[in-house]
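Chain and residue survey
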Amino acid sequence: MKKLIVPVIIVLIIIGVIFWHHNAGAPQYNNRGASPTKATSATFNKQQYSLTDPTSLWVVVNKLRPLDPIDYAPSDLVSVGNGQEMRAEAASALKSMIAAAGKQGLNLYAASGYRSYDTQVAAYGSMVKAGGVSYADSLSARPGYSEHQTGWAVDLGTGNCSIDNCFANTPAGEWVAANAYKYGFLLRYPKGLTSITGYDWESWHYRYVGVSLATELHNTNTLTLEQFFGLPPAPNYQ
Ligand SMILES: [Zn+2]
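Just so it is clear, the structure is predicted and the values come from calculations on it, not from any experiment. Positions within a chain are numbered from 1, following the residues in the order the chain's sequence is written. Under the rules for a predicted model, residues below a pLDDT of 70 receive no local features and side-chain atom pairs below 80 are neither given nor counted, while totals for whole chains, interfaces and linings still include all residues. Only hydrogens and water are set aside when side-chain values are computed; all heavy atoms of the structure are taken into account.

Moving on, we come to the pairing of strand β2 (residues 84–87). Taken together, the four bridges between strand β1 (residues 77–81) and β2 define a ladder with antiparallel strand orientation. Paired with G81 across the bridge in β2 is Q84. Linking β1 to β2, which pair antiparallel, is a turn of two residues; within it N82 sits at a positive phi near 60 degrees. We call two strands paired when DSSP finds no fewer than two bridges between them. Starting at the N terminus, helices and strands are each numbered in turn, a helix being any DSSP run of H or I of at least four residues and a strand any DSSP run of E of at least two.

Below, the discussion takes up the environment of Y183. Position of Y183 relative to the elements: it lies in the loop between α5 (171–179) and β6 (185–187). Along the primary structure Y183 and K95 are separated by 88 residues, whereas in three dimensions their C-alpha atoms are 9.6 Å apart. Residues count as neighbours in contact if any of their non-hydrogen atoms are within 4.5 Å of one another. Residues contacting Y183, with those up to four places away along its chain left out, are A93, S96, M97, A100, W175, Y208 and V211.

So, about the layout of surface pockets. Cavities and pockets are found on a 1 Å grid laid over the protein atoms alone: a cavity is a set of points where a 1.4 Å probe fits but cannot escape, a pocket is an open set with protein on both sides within 12 Å along at least five of seven lines, and a lining residue has an atom within 4 Å of such a point. Grid points are joined across faces, edges and corners, and a volume is the space filled by probe spheres set on the points. Counted as a void, the largest pocket has a volume near 490 Å³. What lines the largest pocket is a set of 25 residues, among which L139, S140, A141, Y199 and E202 lie closest to the centre. Residue assignment for the lining of the largest pocket shows that the elements contributing at least two residues are α3 (117–131) and α4 (133–139). Ranked by residues supplied to the lining of the largest pocket, first place goes to α3 with four residues.

Omega for the bond connecting D68 with P69 falls within 30 degrees of zero, at 5 degrees, which places this linkage in the cis form. Relative to the helices and strands, P69 resides in the loop between α1 (2–24) and β1. The phi dihedral of N82 falls on the positive side, at around 60 degrees, and the residue is not glycine. Along the chain, the position of N82 falls in the loop between β1 and β2. The phi torsion at N221 lies on the positive side, around 55 degrees, for a residue other than glycine. With respect to the helices and strands, the residue N221 is situated in the loop between α7 (211–219) and α8 (225–228).

Written out as C-alpha cells, the structure is:
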C-alpha cells in the first residue's frame, strides 16, 4: 500500500492544477450592478477621463460625491436657448439633438441647464425654511451636489410639459429616451434605481457624458455611472 501513496499524490496534484487552470480561464462577470450587464468592450478605456475633477467630461456627482471645490463654476458656458446655458461641448450636442428632434416634427427644449452654487444655495435654503432638511432633500440637491452645477446636465421639456414625468409619455420624451445616447446624453436618474443614484426617476433629466461613453453604456445595457465605474451606491448624504 505504501508504494501507492506517492503516485496517488502526484495524480491529485495534476488534477488540482488542471482544475485551477480551468477556473482561471472562466469568464468574469460584473456583479456590482443591480442587474446583469454585458461585458464592457475590450477596447473601452474607463480611465480616459477623471471622475472627480469638476471640469471633467466624466465627473460623477451624487450625494456622496460633491463638487470640489464646492462652489465650482465652469468657464465655457454658452446659451442653449430658452434663457438656459450649458458648457460649450454639451450645448453643441444638445442643439444637434433638438434639431434632429425638430426634423421628426418634435418640439424639444432646455427647461433648465446650468445652475450656479449660489442659485442652489438660495433654492435649497428656501425649501429648508419652508419644510425642513428632509423636505428640502426630497425636492432639491444640496448646494455643491447638483449635476446642474457642472454645466453638463439639462432638464428637458416639450410643449407645456417640463421637469415632470409627463415627459416620458410624450412623443418627444420617447424619442429622446431612444436616441439621446447618439448625441452623448444619458438618462441620469432611471426608474427603480433610487438606491444607487439617490434620486427618484426623472425622465426629463439628462447628463452629457460624450458620445463614446453614452454609446458604451447603451451597448452594455448599463443604466448608471455608479455601476459602470464601480462606484458605491449613493442613496443618501453622509
Ligand atoms: Zn435636473
